[in-house]
Amino acid sequence: MTSPRSDAWEKVTGRARYAVDAVLPNMAHAAVVRSERAHAYLTGIDRAEAEAAPGVIAVVTAEDLGDLGRRFGHIVPDHAILAVDKVRYYGEPVAVVVAETPHQAADAAELVWVDYDDLPALTDAVTALASDVLIHEQSYVEPGQKFLDVAPAASTDNIAHRNELAWGDAEAALAAAATVVETTTTFPLVYGYAMETYNALADWQPGSLHVVSTAQHPLMVRRELARMFSLPLAAVRVEVPYIGGGYGSKSYTKLEPLAAAASWAAGRPVKVTTDVEAAMYTTRADGALVTVRTGFDADARICARDIDIRFDTGAYADNSPLVLTKSINRSFGPYRIPNLRVRGVAAYTNTSPASSYRGFGAPQAALAGELNMDMAADRLGIDPVELRRRNLLAPGDTIIDGKRPLDADLAADLDAIVFALDQHAFERDAAVQAGGDQHAADQHDAVDVGIRRGRAVAVTASDAGASPISTAQVRMHADGSVTLLVSSTEMGQGSRTALAQIAARELCVSIEAVAVGQSDTRFTPFEWTTGASRTTTVVGLAVQAACADLWDNLRVKAAESAGVPVDDVVVHGGRVHLAAEVSNTVSGLGAGGDVVGEHGTGLGAGAAGALGAGERGTGAADAAPVVKDSGSGLTPAEVIRQWFGADAGEVVGVGVVRRDGATAVLPPFWEIGAVGVEVSVDVATGEVTVEHLVTVGDVGHAVNPDLVKGQDLGAATQGLGIALWEEMVYDGEQLTNPNLVEYRVPRLRDTPRRITSVLAERGDGAGPYGAKGAGEGALNPVPAAVAAAVGRAVGVWPTELPLTPPRVWSLLQQAQQ
Amino acid sequence: MAVLPELGLVRSGDLDDVLAAVDYDHAPFAGGTELVPAMELGLRRPAAIVDLKRVEALKGIEVDAEAGTVTIGAAVTHRRLSDHAGVREHLPTLAAAASRVGNARVRSTGTVGGNLCFAEPRSDLGCVLLALGATAEVRSAHGARTLGIDELIVGAFETSLEPDEILATVTVPFEPPGMSYWKLQSYERPTLGVALVVTEDRWEITVGAATERPTRIVLAAGDTAGLADFVGGLEFSDDMTGPPDYKRSVLRAYLQRTLGAEL
């Protein structure tokens, strides 16, 4: 059920508190001195003039940090807080000036003089992999060091990570194939533009560290800060208020060590903020050069895929080794592939460090993989949708051995896309025939003056959900209202609303009676991450479990108050009853703990997946009456007040999700991307217009349909940005477009002329009510779909994104030759 | 967060006060849509800014029916220009172009004077005003002079203004019949702008945005050879909006289609 966003009022009235708004008493301000070289030894930093400037408290460089753990990086600890001995990209923090006001800090930062001894700048992956010049001259990896199942490359040959996945014998199968189709694509360096950039405020005091920041994963940041500052986890407090957009770019540790080190050195709380330029120097997405070779048999069935992925990971590894590993898993698509080999390398380059970005390696790989399917269809003389249908996996099929079987019906998703695309085309043609639609008629006429059309579909499946480790706490107050505590971060996706809906449904209260606060590691319980589209599914399960625990605790309290055994107390219809009051029930009722399961349809509903569509969505409040209520029972509030003997007190429920039960098999779910696009291309200018975008949100169950559609449209739009506009352009050592005038993100005017957003609710997910995640899926196939559609329109397959007007014009020139 | 250095502010409603204050270190300031980003990037570091927004003499829009002109104050915003009834009636192409400059925020604060005096090549107004034969009145504490648009804008980011001069007004003849303006705008600023005045016997063509400064040519109608020479001879910029060949091709295709000329 769609429920209005619980944060709408405070956000539209400007009251919502973001990390950038954070203040602490006696707070000082930082300005970061950034490298003006892409690759150079640091030969001297002269800070005397800056230290003498008005208002300056401290000028901090690497040498001041002493025995403080000076490097961070949760997979490869290669990232110094401030550059040590050498700089590895233009814009790297070299020093930080702490002053009383932001103005004083900014003015003094210009008085820090840095001397460099230049090294060759390796600004792309191909150059870096071929060069003898090392970006990192040492290995930071201890033998056996791992993050999840990722063991990073220990080499220092400009390789941050390498990995591979294989089964069967791809080489032999390709040699024997009837047709082999090869595709190579370049995925640009893109920046996860968010309205709020990276911000961090840190207060180091002896024995404690308090940070307020834009971290997507506060618990991950806590762990890293605790290690760096040699503090117990409990002594590090990371608060994350609202974040103005994350898109993965704010996962793991970013500015927090810099702010914390500045506070440590200056003896004051210190705030570090970034503008768009500095944000682009903080993190971007991995660029990728991907080659896919697919072999088909005589029936156009895939016999093998051989894929080579080369990431441009930038100066520091950050999360890219994991992104590469996931990219490998997501590169070959949800197809039956008897023989597979995928090899991936993430190369260090002298550019902004790359890390997580919405889609997490899927968009990079799917660009080549799905474009390759269209090129193959062309070569084989088969409709590209039919080619996919012939090779798609069915629900329950294995994608990767040992992982969760496919929990989605991709053929049905494809049908929905084709239906929508056909309907739009039919209506347009009909309108032209009838002469009733002037715009459509103009469009039709335009064919004569150089408009070409193309359409394409693309599908992806991502092993999403990350590690199923989550904790939720529900505190029910004496009036029956509820405070839900989770460490999920709200970055605009609406998670506080969706989680409140789940709690409200499980506890039979209105959503207005559920308050969800910000994450704060001192008070909110453990959460692995907010990423991988996991929150509704994984945290949702934790919330359900917490609600079940709360009902159990209420039963215990009611039993104690009534002086009866707890088994004599049952819960039904949002009320607590003595079993004696309830008779003639359906099986299971009265069986103690099992009764709680009656309340949501929940715990285990995902595991079941067996619930038909008509049966889902039945919270206890509107469940069919299955009891003959001889007495009305007690409300939870009455149970609480009775037990405490006052209009006071509260009862708490805690829910934990781990690798067990519904989430025993990884991934917690496969996140599906399924889109269709129709584009038109202006032959004279090369401009691409997206005439129709179709997204299918294959989410099992939409807890909040409007939010899911918002996620799908937002993700797809971000994909359109990559497909058509977004690219960080390096000219030599320096980024030439570190601003939003020249780094062009999609604008309202770029919205597709028609958008069809379909929700596929088949109850086939492991999450609450059969839910699966959304948020990234709709981005993943979009760059590939647009590339294929433009390719069909102009007659030449693109090899490089974004498809800016000049680039499409070049394709048109090639097509003429 | 981009932080500007501390700087002074000179503010007066009197034009003479403003003219007395303006020099190299005292930058005229109206909408700030060009000056502030330049200051953020450290390209301009004035000691003070001189606020023009309160000077009524710079904010007028006067329609002179007798002379057949509209005189526009330099501190008039794009939004006021595009919304003004007299401008819409007598200079509809200019009004339409102004209504599509930049984005809503730029149009609400950015001014005609800032647009011209910053001489950003990728701009619409310079091209349209050159096509209309507009003249600019330039003032300083020592007097005034009148310039054509092509005398005011002499290169990319380059005008003939002295440091103590400001642009006061632009006087624009009423729009002739047969005028149009088309632009290709893929990014925040236009890639190419083309203003045409097409009559039975004349082709007046002004090309903007893709060259260092707007360029105008007047040809006899049907002079396709002259047109081809003009298009072939333009020196297009090479930037993120596209290489010169691309811009030439787009211009050629547009002129072919619009003028019915085979180039």
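The shown structure was predicted, so the numbers you read here are calculated from the model rather than taken from an experiment. (Residues numbered from 1 in each chain as written. Chains lettered and ligands numbered in written order. Predicted model: local features only at pLDDT ≥ 70, side-chain atom pairs only at ≥ 80, totals over all residues. Heavy atoms only, no water.)

**A look at the packing of helix α19 (residues 705–724) of chain A against helix α20 (residues 782–794) of chain A**
Geometry of a packed helix pair, given as the angle between the helix axes and the separation of the axes. Residues and elements named next belong to chain A. In plain terms, the rule: Only the contacting stretch of a helix is used when fitting its axis, a line to C-alpha atoms as for every element, and angles between N-to-C directions run 0 to 180 degrees. Only DSSP runs of H or I with at least four residues qualify as helices, and only runs of E with at least two residues qualify as strands; both kinds are numbered from the N terminus onward. When an angle is under 35 degrees it counts as roughly parallel; over 145 it counts as roughly antiparallel; between 65 and 115 it counts as roughly perpendicular; any other value is oblique. The sense of a crossing depends on the near helix, which, turned anticlockwise from the far helix by less than a right angle, makes the crossing left-handed and, turned clockwise, makes it right-handed. What makes two residues a contact is simply this: any of their non-hydrogen atoms within 4.5 Å. Only Asp, Glu, Lys and Arg are considered charged in this grouping, and only Ala, Val, Leu, Ile, Met, Phe, Trp, Tyr, Cys and Pro are considered nonpolar; every other residue, Gly among them, is considered polar.
Running from amino to carboxyl end, α19 crosses α20 at an angle of 50°, the nearest separation of the two axes being 8 Å. On the basis of the axis angle, α19 is oblique to α20. In this structure, α19 meets α20 at a crossing whose hand is right-handed. Contact residues: Ala716, Gly719, Leu720, Ile722, Ala723 and Leu724 in α19; Val782, Pro783 and Val786 in α20. Partitioned by chemical class, the residues of the contact of α19 with α20 number eight nonpolar, one polar and no charged.

**Observations regarding the pattern of salt bridges**
Between side chains of opposite charge, a pair can form as their charged atoms come close. Residues and elements named next belong to chain A. Here is the rule we go by: Every case where a carboxyl oxygen of Asp or Glu lies within 4 Å of a side-chain nitrogen of Lys or Arg is listed as a salt bridge. A 1.4 Å probe rolled over the protein chains alone gives each residue an accessible area, and that area as a share of the maximum for its type sets the label: buried under 20%, exposed over 50%, partly exposed in between.
On inspection of all chains with the given rule, the structure shows 59 salt bridges over all chains. Here Glu171 ties to Arg293 by a salt bridge, and the two come within 3.6 Å at their closest N and O atoms. With Glu171 in helix α5 (residues 170–176) and Arg293 in strand β16 (residues 287–296), this pair connects stretches of sequence that are 122 residues apart. For Glu171, a relative accessible area of 39% translates into the label partly exposed. When the shortest N-O distance is used, the salt bridge between Asp660 and Arg658 registers 3.7 Å. For Arg658, a relative accessible area of 55% translates into the label exposed. Salt bridges here are not isolated pairs; linked through shared partners, they connect Glu171, Arg293, Asp306, Arg341 and Arg343.

**Here's the deal with the interface of chain B and chain A**
The cut-off we apply is this: Two parts placed together each lose some accessible area; with a 1.4 Å probe, that loss summed over both constitutes the buried area. Polar contact is the term for a pair of N or O atoms within 3.5 Å; when the atoms are in protein, one must be able to donate a hydrogen and the other to accept it, and sequence-neighboring residues count only if both atoms are side-chain atoms.
Contact with chain B, which involves 23 residues of that partner, is made by 26 residues of chain A. Counting each side, the surface lost to burial between chain B and chain A is near 2100 Å², with a carbon and sulfur contribution of 58%. Between B:Glu188 and A:Arg747 there is a salt bridge, with its nearest N and O atoms 3.3 Å apart. Viewed at the interface, chain A and chain B are joined by six residue pairs in polar contact (both at pLDDT 80 or more). Listing elements by their share of the side of chain B that touches chain A, those giving two or more residues are β11 (179–184) and α11 (244–259) of chain B.

**Re the state of the cysteines**
Under the convention used in this document: Count a disulfide wherever a pair of cysteine sulfur atoms falls within 2.5 Å.
Evaluated as defined, the whole model comprises zero disulfides over all chains. Here A:Cys508 stays unpaired: no disulfide links it, and the sulfur of A:Cys547, its closest cysteine neighbor, is 9.6 Å away.

**Considering the domain arrangement of chain B**
Counted only if it meets this: Note that the domain bounds reflect an automated or database-derived domain assignment.
Structurally, chain B comprises domain 1 (8–51), domain 2 (56–173) and domain 3 (179–259). Computed over C-alpha atoms only, the centres of domain 1 of chain B and domain 3 of chain B are separated by 34 Å.

**Here's the deal with helix α10 (residues 362–380) of chain A**
Residues and elements named next belong to chain A. Going by this rule: What a helix should span is 1.5 Å times the count of its residues minus one.
Compared with the 27 Å implied by 1.5 Å per residue over 19 residues, the 26 Å span of α10 between its first and last C-alpha is a close match. Taking burial as the measure, the 19 residues of α10 include 16 buried ones, the bulk of the element. Phi turns positive one or two residues past the end of α10, at Gly381, with a value near 70°.

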